Amino acid sequence: IHVTSGVRSMGGTAPIHFKAVTKTSLRKDVQQPATFSKNSMRAREKTKARAKKSVKVEPAQPGQSYRPDGEQHQDAIGEALSIELRRKEAVDYLNAPLSSGLKAETMALIVGSSDEESSDDEEMEESERRPVKKKEKMTRAQRNRQKRAKVRQQELEGRREKKQFMHQVFESKKTSKQLKKVESEQGVKREHLKGLLDEKNAKPIGVNIFGARAEIDPINAPSLPVALSEELKGGGLRRVKPKGSLLTDRVESLISRNMANRKVTNIKQRNHGKRRMKGGKGRDFILA
């Protein structure tokens, strides 16, 4: 710690000098924090190793410049057009009537189902009106015959189970070969899935924000900010109309890097006992 020396200085502030003291004599709020244990350090290292690579700020494409190259500008316009075409297809699919995608046979079946239901109802009413026959009482000879038939059926089932067991014993070698083959196929499939997962984890997140958003939700995906060829004829930076929104770009980047949640648009009512809860509760503070 530092303490004043008691000697008057020329500037009006007394000079100080440092003095060593024990740790126990200090207050708890000024004591040095304890060192991390080895387990906590290993856990931190594992967490850092598992963390995905992310791009905090994705640079704009060369075609989005106010004075772009002709070919690069056309590529950017093509990407923006693909997003808008996906949006149009999704909107047309939602607005299309349900009957437009049905075949004539399906429509005929739906129309004719009402007549069949009416006929089935009439048949059920007729069957309900018919009197139900009472079960006749069996004689002693009939009951003994029924018991003997049950005993023979049980003996037959026992012999069948024994025969199946012996067949399984003789087929054990064949079964073991089949199991080995299945295990090898599962191992190859597991390695293939692991390779795909590693390839997916190797790709950084926060890249191609607008294209990835258009694949998931083309209707609510933001448009790619790029100027048209007619809007760039002025030639100056001050004459170019601004495109896009910095706030939208930052929010989409945070969501793509799993640092924020997206607002739930299709909220459904769910009953939990006497309480009625809305889907996505606690997540609707993000306006994206």
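Our structure is the block above this text.
Residues numbered from 1 in each chain as written. Predicted model: local features only at pLDDT ≥ 70, side-chain atom pairs only at ≥ 80, totals over all residues. Heavy atoms only, no water.

**Let's talk about the overall build of the protein chain**
Using the following cut-off: Counting from the N terminus, the helices are the DSSP runs of H or I reaching at least four residues and the strands are the DSSP runs of E reaching at least two. Note on exposure labels: buried denotes an accessible area under 20% of the residue type's maximum, exposed denotes more than 50%, and partly exposed covers the range between, all computed with a 1.4 Å probe on protein chains only. Calculation of accessible area relied on Shrake-Rupley with a 1.4 Å probe; when residues are assessed, cover is drawn exclusively from the protein chains displayed.
Helix and strand content of the protein chain: 7 helices and 4 strands. Each helix (α) and strand (β) of the protein chain, taken in turn from the N terminus, gives the series β-β-α-α-α-α-α-α-α-β-β. Within the protein chain, buried positions represent 10% of all 288 residues. Per element, the accessible surface of the protein chain, about 25800 Å² overall, is 55% carbon and sulfur.

**Here we look at a positive patch on the surface**
To keep it simple, the criterion reads: Like charges are joined within 9 Å and nonpolar side chains (Val, Leu, Ile, Met, Phe, Trp, Tyr) within 5 Å, but only among residues with over 30% relative accessible area and no salt bridge; these make up the patches. Any carboxyl oxygen of Asp or Glu within 4 Å of a side-chain nitrogen of Lys or Arg constitutes a salt bridge here. His residues and chain termini do not enter the charge count, which takes Lys and Arg as positive and Asp and Glu as negative. One atom stands in for each charge, and that atom is NZ of Lys, CZ of Arg, CG of Asp or CD of Glu.
A cluster of basic residues, Lys-137, Arg-140, Arg-143, Lys-147 and Lys-150, forms a positive patch on the protein surface. Structurally, Arg-140 can be placed in helix α4 (residues 140-170). Under the relative-accessibility criterion, Arg-140 is labelled exposed at 65%.

**Structural notes on the nonpolar core**
Quick reminder of the rule: Among buried residues, the Ala, Val, Leu, Ile, Met, Phe, Trp, Tyr and Cys ones that are joined through side-chain atoms within 4.5 Å form a nonpolar core. For this analysis, residues touch if any pair of their heavy atoms sits within 4.5 Å.
Ranked by size, the top nonpolar core spans 8 residues in total: Ala-76, Ala-80, Ile-83, Phe-210, Ala-214, Ala-221, Leu-224 and Val-226. Of all elements in the fold, only α2 (70-95) and α6 (209-216) reach the threshold of two or more residues within this core. Sorting elements by how many residues they give to this core places α2 first, with 3 residues. Setting aside its immediate chain neighbours within four residues, Ala-214 contacts Ile-83, Arg-86 and Ala-221.

**A word on unusual backbone geometry**
Positive phi values are uncommon outside glycine, yet Asn-208 reaches one of about 55 degrees. Tracing the sequence through the fold places Asn-208 in the loop between α5 (172-202) and α6. The phi dihedral of Asn-258 is positive, around 60 degrees, even though this residue is not glycine. Checked against the element boundaries, Asn-258 lands in the loop between α7 (246-256) and β3 (269-272).

**Focus: the pattern of salt bridges**
Working definition: two side chains of opposite charge can pair if their charged atoms are close together. As enumerated under the stated definition, the model contains 5 salt bridges in all. Here Glu-231 makes a salt bridge to Lys-243, at a shortest N to O gap of 3.2 Å. Residue Glu-231 is found in the loop between α6 and α7, and its partner Lys-243 is found in the loop between α6 and α7; the two are separated by 12 residues along the sequence. Residue Glu-231 is classed as partly exposed on the basis of its relative accessible area of 27%. The salt bridge involving Arg-250 is made with Asp-249; its shortest N-O contact spans 3.5 Å. For Asp-249, a relative accessible area of 22% translates into the label partly exposed.

**Some points on the environment of Lys-53**
With respect to the helices and strands, the residue Lys-53 is situated in the loop between α1 (38-50) and α2. Along the sequence, Lys-53 and Lys-203 sit 150 residues apart, while their C-alpha atoms lie 7.3 Å from each other. The residues contacting Lys-53, other than those within four sequence positions of it, are Lys-203, Pro-204 and Ile-205.

**Some details on a nonpolar patch on the surface**
Together, Val-91, Tyr-93, Leu-94 and Ile-219 give the surface a local cluster of nonpolar side chains, amounting to about 420 Å² of exposed area. Structurally, the position occupied by Val-91 is in helix α2.

**Re the side chain of Arg-213**
Mapped onto the elements of the fold, Arg-213 is located in helix α6. Those residues within four positions of Arg-213 in sequence are excluded, and the remaining contacts are Pro-218, Asn-220, Ala-221, Pro-222, Glu-252 and Arg-262.

**Quick word on α6**
Every α-helix winds through 3.6 residues per turn, so residues three or four apart in the chain are directed the same way. Filter applied, for reference: N or O atoms closer than or at 3.5 Å make up a polar contact, with two conditions inside protein: a donor-capable atom paired with an acceptor-capable one, and, for residues adjacent in sequence, both atoms drawn from side chains.
Taken residue by residue, α6 has Ile-209, Phe-210, Gly-211, Arg-213 and Ala-214 as its buried positions. The residue sitting at the N-terminus of α6 and contributing the capping side-chain oxygen is Asn-208; that oxygen lies 3.5 Å from the backbone nitrogen of Gly-211.

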